[in-house]
Amino acid sequence: MTAYQQLRPQASKPGLLKLGPFKLGPFKLGPFKLGPFKLGPFKAGPFEAGSVGRLAAMAGCLAVLLAGCPKPAQPPAPGRNGLPLAGIKLRLAVVADPQLALAAGRVQGEWNALTGSEFQVETMTEEELLAADPIAADAVICASHRLGDLAQRQRIVPVPEGLREDAAWGDLFELPQLREASWADRTLAVPFGSPVLTCYYRADLLEKLGQKPPQTWSEYQKLAALLVDPAGSGDPSAEAAARSGTIEPLGPGWAGIVLLARAASYAKHRNNYSALFDIRTMEPLVAGPPFIRALEELVAAAEVGAADQLQYDPSAVRAAFWQGRGGMALTWPTRAAEKLPENVPAEIRVGFVELPGSQQAFDVGDQKWDARGEGDETHVPLLAIAGRIGVVSAGSTQPDAAFQLLLWLSGDPTGSKVCGASGATTLFRHSQLKSPQAWVETPVLPSSAAQYAEVTAKTFRRQQWMAALRIPGRAEYLAALDEAVHQAVRDRRPAAEVLQEAVVRWKEITGRLGVEGQKAAYRHGLGLD
């Protein structure tokens, strides 16, 4: 039983310790002596009030988490009320995410009541994070793609093996746990939620048209054309005439990511481990057939898309969808959604499906397209497009306590309150599947929220995946792809031509940053030594 599961009522079993309606144990307390201890009296802090029984249950759960971590060189002596981390003070830096920083600040008192420890929340810019040597904080919450920069600079330390052996770690979805939290052969981060692009669709319109949600990019294109064409759809209303077939985030910083997400299912062949660079030479692969096809299809979809979509980010896409301006959209749900209309049209009923995939993949070695085998997956998620991770600074004097703080902030139930406050996260634990509405916009119906949870869980179990450049220079590489997409959409230039120009820019970036260093970083990001 995981520490998170122990918060739920369980059937009575011999030897279980009952705390109110919760059952805790049997469990080992590991290197810390936690019991018996008292929870009261204590002074209420800036946390949500609850019963003493609830706090006792949470304290017991935290004890299980602490038990999974390695014994520190000098374990803290129990202080006030015998709490395990009494007297320890930690600094938590939250990078470029003010909403998440505020949410973390709101649970400071709850952490203190459970552990006796205190943490101070500080904010930091991306530039300050990369320039810091050492990082002037014990723990850092930052964008998931920053793991490579921090790992290559040796600014962070690995997650303790004992913590990863605890059942609580297994509550994490597979891809965030095994891929986004890892670098080379080491686990260096605690996942805080990392969304992937998801296909929104107007369930009400598809039912009217007798259509099913798209599973492949060719189905997606046909449906987009149908949704925007009043004559073809049989819907001659003014609302249909003003509606785009689909809306995609093709603005600066996002157009290249959409291209990579569209190309992922074409580029990830069972015989090819790497899709963006040749892992031996760092020769860019983004002007190859998978990316040409993906860009040509992107341009075709843009023809039935929003007129100003070259300025859209995922937040703008969500707003346009809820205004009724698109039959489909590529973005992800979030309770922290901004720019939503005050009055969402009553007829809009959203559905969610994984980003479309492909029945074909390109084999770089043989330079040919192959049909996927019967057991091959057609969907390939693009990871690290946004997301948040927690890492511990190499300069921290309390690394074990810092990791315990990160796991608590991202755990159940705290994670929904803290991580869910950020628009750059999504649900990331199996235990969160029972309450998906904490992660979606308010207009999403409970049935649709459950559908999104199912889609997300399926996505993060995929065997094939691609990452959106977790290496130094990411912003420059993506800017080159942004420009290629914009020239293809806006200026109608051939996909092969603009992508070849992007390859030239990628080579310049790699050469300036150092081919060998970039090759090592790229290989580490793929999980290779």
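Keep in mind it's a predicted model, so treat the numbers as computed, not measured. (Residues numbered from 1 in each chain as written. Predicted model: local features only at pLDDT ≥ 70, side-chain atom pairs only at ≥ 80, totals over all residues. Heavy atoms only, no water.)

Asker: Explain the sheet that holds strand β4 (residues 118–124) to me, using residue names and the numbers behind them.
Answerer: Ordered in space as β4-β3-β5-β15-β8, the 5 strands form an open sheet in which the pairing is mixed. The open sheet has two free edges, formed respectively by β4 and β8 (190–191), since each of these has just one partner strand. Pairing of β8 with strand β15 (residues 388–392), which is carried by 2 bridges, proceeds in the antiparallel orientation. Paired with Val190 across the two strands is Gly390, which belongs to β15. Sheet strands in contact with helix α2 (residues 98–106) are β3 (89–95), β4, β5 (139–143) and β15, and its direction is about 170 degrees off that of β4. Contacting β3, β4, β5, β8 and β15, helix α15 (residues 399–410) crosses the sheet at an angle of about 160 degrees to β15. (Pairing = 2+ DSSP bridges. Helix = DSSP H or I, 4+ residues; strand = E, 2+ residues; numbered from the N terminus. Contact = heavy atoms within 4.5 Å. Axes fitted to C-alpha atoms, helices over the stretch in contact; angles between N-to-C directions.)

Asker: How would you summarise the confidence of the model for the protein if you had to cite specific residues and measurements?
Answerer: When pLDDT is averaged along the protein, the result is 85, and 82% of the positions lie at 70 or above. For the stretch residues 1–58, pLDDT sits under 50, and the model shows 101 contacts to residues farther than four places along the chain or on other chains. (pLDDT = per-residue confidence, 0-100.)

Asker: Just give me the short version of empty space enclosed by the protein, but keep the residues and values in it.
Answerer: Going through the model one piece at a time under the given rule, you end up with 7 cavities of 30 Å³ or more. Volume-wise, the largest cavity comes out at about 140 Å³. What lines the largest cavity is a set of 15 residues, among which Leu276, Ala467, Leu469, Tyr522 and Leu526 lie closest to the centre. Those elements that provide at least two residues to the lining of the largest cavity are β16 (466–467) and α20 (515–525). Considering each element in turn, the lining of the largest cavity owes the most residues, 3 residues, to α20. Of the residues belonging to the lining of the largest cavity, the class tally is 12 nonpolar, 1 polar and 2 charged. (1 Å grid on protein atoms, 1.4 Å probe; cavity = no way out; pocket = protein on both sides within 12 Å on 5 of 7 lines; lining within 4 Å. Points joined across faces, edges and corners; volume = space filled by probe spheres on them. Nonpolar A, V, L, I, M, F, W, Y, C, P; charged D, E, K, R; others polar.)

Asker: I'd love a proper account of the pattern of salt bridges, names of residues and values included.
Answerer: Going through the model one piece at a time under the given rule, you end up with 25 salt bridges. The residue Asp278 makes a salt bridge to Arg280 at a minimum N-O spacing of 3.1 Å. A residue is classified by how much of its surface remains accessible, and Asp278, at 18% relative accessible area, is buried. Taken together, the salt bridges that share partners define one network made up of Glu126, Arg146, Asp149 and Arg153. (Salt bridge = Lys/Arg side-chain N within 4 Å of Asp/Glu carboxyl O. Buried < 20%, exposed > 50% of the residue type's maximum accessible area, 1.4 Å probe, protein only.)

Asker: Now, about the layout of surface pockets: what can you tell me, with residues and values included?
Answerer: Rolling a probe over the atoms, with the probe sized like a water molecule, indicates the empty space that remains. In this structure, the largest pocket encloses a volume near 770 Å³. Lining the largest pocket are 33 residues; nearest its centre among them are Trp254, Ile385, Ala386, Arg388 and Ala424. Looking at the lining of the largest pocket, the elements with two or more residues in it are α2, α14 (314–322) and α18 (474–490). At 5 residues, α18 tops the list of elements feeding residues into the lining of the largest pocket. Counted by class, the lining of the largest pocket contains 18 nonpolar, 6 polar and 9 charged residues.

Asker: Run through the nonpolar core, naming residues and quoting values.
Answerer: Nonpolar side chains in soluble globular proteins generally cluster together in the buried interior. Ranked by internal contacts, the top residues of the largest apolar core, which has 90 residues, are Leu276, Phe277, Leu295, Ile385, Leu481, Leu499 and Trp506. Tallying contributions element by element places helix α12 (residues 255–267) first for this core, with 10 residues. Counting residues in each nonpolar core, the second largest holds 60 residues, with Leu92, Val94, Ala139 and Phe173 among its members. (Core = buried A, V, L, I, M, F, W, Y, C linked by side-chain atoms within 4.5 Å.)

Asker: Which residues make up the pairing of β5, and what values do they have?
Answerer: Extensive coverage of β5 is indicated by the burial of 5 of its 5 residues. In this sheet, β5 lies alongside β3 in parallel orientation, the contact comprising 3 bridges. By the bridge assignment, Val94 is partnered in β5 with Ile141. Two elements, β5 and β15, share 5 bridges in a ladder whose sense is antiparallel. When the sheet's bridge partners are listed, Ile141 is paired in β15 with Gly390.

Asker: Please set out the packing of aromatic side chains residue by residue, giving values where relevant.
Answerer: Here the structure, examined in full by the defined rule, presents 15 aromatic pairs. Geometrically, the ring pair formed by Tyr200 and Phe352 is edge-to-face, given 4.9 Å between the ring centres and 80 degrees between the ring planes. Pair noted here: Tyr200 is in strand β9 (residues 198–202) and Phe352 is in strand β11 (residues 350–354), with a separation of 152 residues, a long-range link. The interplanar angle of 85 degrees and the centroid separation of 5.5 Å between the aromatic rings of Phe321 and Trp322 together place this pair among those described as edge-to-face. Ring-pair connections join several aromatic residues into one group, and the members of that group are Tyr200, Phe321, Trp322, Phe352 and Tyr452. Geometry around Tyr273 places Lys268 over its ring, the cationic atom sitting 5.5 Å from the centre. (Phe/Tyr/Trp six-rings, centres within 6.5 Å; stacked < 30°, edge-to-face > 60°. Lys NZ or Arg CZ within 6 Å of the ring centre and 35° of its normal.)

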